[in-house]
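Take a look at the letters that make up each chain.
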Amino acid sequence: MSKPTPDANHSPDSLVSPDSLTTITCTGCPMGCLVSVTQGPGGEWQFSGAQCPRGDIHARQEITHPVRPLTTLIPVRGSRIPLSVKTSQPVPKALFWDFVDQIHRLELERPIHTGDILAENLLGTGIALLATRTLD
Amino acid sequence: MKVMPEKVSLVIIGGGPAGLAAALEAQRQGLTDILLIERDQQLGGILNQCIHTGFGLHYFGEELSGPEYADRFSTAFTTAGIACLLESHVLEITPDRVLTVISPLGIRKIAAGAVILAMGCRERPRGALGIPGTRCAGVLTAGMAQRLLNLQGMMPGQSIVILGSGDIGLIMARRLTLEGAKVEAVVELMPYSSGLTRNVVQCLQDYEIPLLLSHTVVETHGRERLIGVTLAPVHPQSRKPDLAQTRFIACDTLLLSVGLIPENELSLGAGVVLDPATRGPRVDQRLGTSQPGIFACGNVLHVHDLVDDVSREAEQAARSAVAFLNETDLPAPQADFSTGRLPDQHLAAPAGWPFPEQPSLLPILAGPGIRSVVPQLISRDRIPETLRLAFRPARVYRSASICLRDGQGQLIIKSQRRILTPGEEARLTIPASHWPAVTAGHWQLSIEV
Ligand SMILES: Cc1cc2nc3c(=O)[nH]c(=O)nc-3n(C[C@H](O)[C@H](O)[C@H](O)COP(=O)(O)OP(=O)(O)OC[C@H]3O[C@@H](n4cnc5c(N)ncnc54)[C@H](O)[C@@H]3O)c2cc1C
Ligand code: SF4
């Protein structure tokens, strides 16, 4: 089996050297199983500690391509109330702060409606930014 | 001068997700004479300030932010043309359902055929905690900070300690970090977080914010503005702080996220009997309170984790209110809602227990391991097709069974669960096929390990 290479957007804590071990908390349910991650002789990921199959799926996702939802606020010219926004998809964890910086640099004007696309293809990822509030 | 009250069939108090869903369902049931009253300038309730995503997965099948979830309902509400008073505060409800409302046009009296209580909840304030120290600026509830930041763009502070690891506290830890503040620690009295695991991981671990379990704030410091707090570990059982092991953390802001309390001053005035465990009205399976024609749903009834459940519950309350309006010829149930609960579930039965059997009501008692259960009563004259009980366990249980037993201790239904925690409201469904001949004086829900 070929060694799975962590995706280019890996975060520092998803870098696991072949014999070191990391633990990932499954967020699937309140059990919060601690899933231990190791690599087998062929470099394949091995998981243990999950009480149900969702734990391994979650740990694999976290180790190869962790993503996080991103919501924040942007000031809008002429509005006392800041605009709440979300990304169209969860963003790669390693690029999280780059996304935040990019989003906070946007300059916006009213009117804005819930669902308006405020930016397309943030950081070249194909992820868009959407308004979650209406400011007329 | 005596004002003649206006007459309205159904009045809904509160324009949050509960009130909006109730109004829409009442209209779907064919009712036209509906009035919703909201004290704020806009509809949507607390959701307007919850800008994170995670709402609507069950109701809409997609992850929405709070304002988006509110927007779906308030748009539907406005399109439906249901009457609504904004910036109008209900001051009083009488037991016979006459409301006093203060609105921009002055004081109004409204006589309601039926009332749905949907006033939501408020946060436990600092006073309820009794932390010694100065009364300086910089100590506020997590919800107030959420409102300041998300609705007014104001940062409550730069270096922050959060007391309480409920979801609002965890979400605020992430929000404040994202907007440039440093969250020094989240401090939790209990040995476990009362928030979702997902929030512990994504709001604290991701940003390396320490979660100090079994700790509390024992003192606040500062004259005009907070300069720091003193923490101490607490004894695992007694939860008394160990003052020999205190430590100081410098911070300019302390956020309190220490629980929500249903907003029931109005309900008390109407003579509605409250449940000491949920602090909301005691209701039967129709969500009817002890006052005929007054129904309750959403966070005013019991604190919900998911807004999706709030919307569903509100629809049930609306169907019951419409049924009540359609059958006012039925005699009002003259049952006593105040009986049917042991004062403390962990103590021996009090004198006089079991309470005298009531012909029309079957109490559901919170037995060992259960902190609270909703509904607390079943009206025997309207046995439902399926009954859903919402309950909170008293502590964390792993591999336990939820058991519902009748007055003789006979098992009605049992359900095995991998985990039960006080931080997550759990549910038990009793299908009609399990409904026994209703004989005994009460049922009891308990956790058995
Ligand atoms: C600070 C805070 C933060 C929260 N954050 C989250 C979260 O992040 N995620 C989550 O899932 N849940 C959260 N919740 C829980 C959330 O409140 C519920 O999921 C849901 O919003 C409850 O709906 P509701 O309609 O019962 O109450 P609310 O949304 O609180 O609505 C009640 C409405 O009634 C109005 N009202 C009250 N009294 C009167 C009166 N006398 N006259 C007229 N109007 C009145 C209020 O103005 C309000 O608009 C939070 C709760 C609080 C208190
Ligand atoms: S592995 Fe399964 S049981 Fe464990 S936390 Fe994840 S979803 Fe829950």
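Only a predicted model underlies this, so the values are computations on that prediction, with no experimental measurement involved.

The next thing to look at is the overall build of chain A. Secondary structure assignment for chain A yields 2 helices and 11 strands. Mapped from its N terminus to its C terminus, chain A presents α and β elements in the order β-β-β-α-β-β-β-β-β-α-β-β-β. When the 136 residues of chain A are sorted by exposure, 43% land in the buried category. Sequence separation of 24 or more characterises 49% of the internal contacts of chain A that already satisfy a separation of 6 or more. Counting only carbon and sulfur atoms, one obtains 52% of the accessible surface of chain A, whose full area is about 7,000 Å².

Right, let's get into a nonpolar patch on the surface. Residue and element names in this part refer to chain B. On the surface, Leu91, Ile102 and Ile107 cluster together into a nonpolar patch covering about 280 Å² of accessible area. Looking at where Ile107 falls in the secondary structure, it is placed in strand β8 (residues 106–117). Residue class for Ile107 comes out exposed when judged on its relative accessible area of 56%.

Chain A puts 28 residues into the contact, and the matching count from chain B is 31 residues. Here chain A and chain B share an interface that buries about 2,500 Å² over both sides, 57% of which is from carbon and sulfur atoms. Area buried by chain A at its contact with chain B is led by Pro30, Met31 and Thr71 of chain A, which between them contribute 23% of it. The tally of links between chain A and chain B comes to 3 salt bridges. For Asp206 of chain B, the salt bridge goes to Arg68 of chain A, with nearest N and O atoms at 2.3 Å. Linking chain A to chain B there are 5 residue pairs in polar contact (both at pLDDT 80 or more).

On to the sheet that holds strand β26 (residues 426–431) of chain B. Residues and elements named next belong to chain B. Ordered by their spatial adjacency, 3 strands build an open sheet running β21-β23-β26, and the pairing between neighbours is antiparallel. If you trace the sheet from one side to the other, it starts and ends with β21 (370–374) and β26, each paired once. Each strand of the sheet is rotated relative to its neighbour by a mean of 25°, with strand direction disregarded. With 4 bridges connecting them, β21 and strand β23 (residues 386–393) associate as antiparallel partners. Residue Ser372 lies in a different strand from β23, and its bridge partner there is Arg392.

Let's shift gears to the pattern of salt bridges. All chains considered together, the criterion is met by 24 salt bridges over all chains. One salt bridge connects Glu68 of chain B with Lys86 of chain A, and the closest N-O pair in it is separated by 3.0 Å. Of this pair, Glu68 of chain B sits in helix α2 (residues 66–80) while Lys86 of chain A sits in strand β7 (residues 83–87), which puts the two residues in different chains. The residues Glu68 of chain B and Lys86 of chain A share a single accessibility class, namely buried.

What follows deals with the pairing of strand β5 (residues 71–74) of chain A. Each regular strand carries side chains that alternate between the two faces of the sheet. All names here are of chain A. Neither face of β5 is open: one carries Thr71 and Leu73, the other Thr72 and Ile74, and all of them are buried. Of the strand pairs in this sheet, β5 and β7 are connected by 4 bridges, and their pairing is antiparallel. Looking at the pairing, Ile74 lines up with Leu83 of β7.

Quick look at the domain arrangement of chain A now. Size of an interface: often given as the accessible area lost when the parts come together. Under the domain assignment, chain A is made up of domain 1 (12–65) and domain 2 (71–131). If you average the C-alpha positions of domain 1 of chain A and of domain 2 of chain A, the two centres end up 31 Å apart.

We now examine the side chain of Gln291 of chain B. By secondary structure assignment, the location of Gln291 of chain B is in the loop between α6 (265–269) and β19 (294–296). For Gln291 of chain B, the side chain forms a polar contact with the main-chain oxygen of Gly271 of chain B, separated by 3.4 Å.

Moving on: the site of ligand 1. Residues and elements named next belong to chain B. Taken together, the neighbourhood of ligand 1 is formed by 32 residues, with Ala18, Glu38, Ile46, His52 and Asn299 sitting nearest. Separating an oxygen atom of ligand 1 from a backbone N or O atom of Asp305 is a distance of 3.1 Å. For ligand 1, whose accessible area on its own is 980 Å², the fraction buried by protein is 93%. For the shell around ligand 1, the elements supplying multiple residues, two or more each, are α1 (17–28), β6 (89–93), α3 (142–152) and α7 (307–326). A breakdown of the residues in the shell around ligand 1 according to their chemical character gives 16 nonpolar, 13 polar and 3 charged. Both domains that meet at the shell around ligand 1, namely domain 1 (7–122 + 261–352) and domain 2 (125–258), each give it at least three residues.

The rules we used
- Residues numbered from 1 in each chain as written.
- Chains lettered and ligands numbered in written order.
- Predicted model: local features only at pLDDT ≥ 70, side-chain atom pairs only at ≥ 80, totals over all residues.
- Heavy atoms only, no water.
- Helix = DSSP H or I, 4+ residues; strand = E, 2+ residues; numbered from the N terminus.
- Buried < 20%, exposed > 50% of the residue type's maximum accessible area, 1.4 Å probe, protein only.
- Contact = heavy atoms within 4.5 Å.
- Areas by Shrake-Rupley, 256 points an atom, 1.4 Å probe, with all protein chains shown as cover.
- Patch = residues over 30% accessible without salt bridge, like charges linked within 9 Å, V, L, I, M, F, W, Y side chains within 5 Å.
- Salt bridge = Lys/Arg side-chain N within 4 Å of Asp/Glu carboxyl O.
- Buried area = accessible area lost by both parts, 1.4 Å probe.
- Polar contact = N/O pair within 3.5 Å; in protein donor to acceptor, adjacent residues only side chain to side chain.
- Pairing = 2+ DSSP bridges.
- Axes fitted to C-alpha atoms, helices over the stretch in contact; angles between N-to-C directions.
- Domains from an automatic or database assignment.
- Near = heavy atom within 4 Å.
- Nonpolar A, V, L, I, M, F, W, Y, C, P; charged D, E, K, R; others polar.

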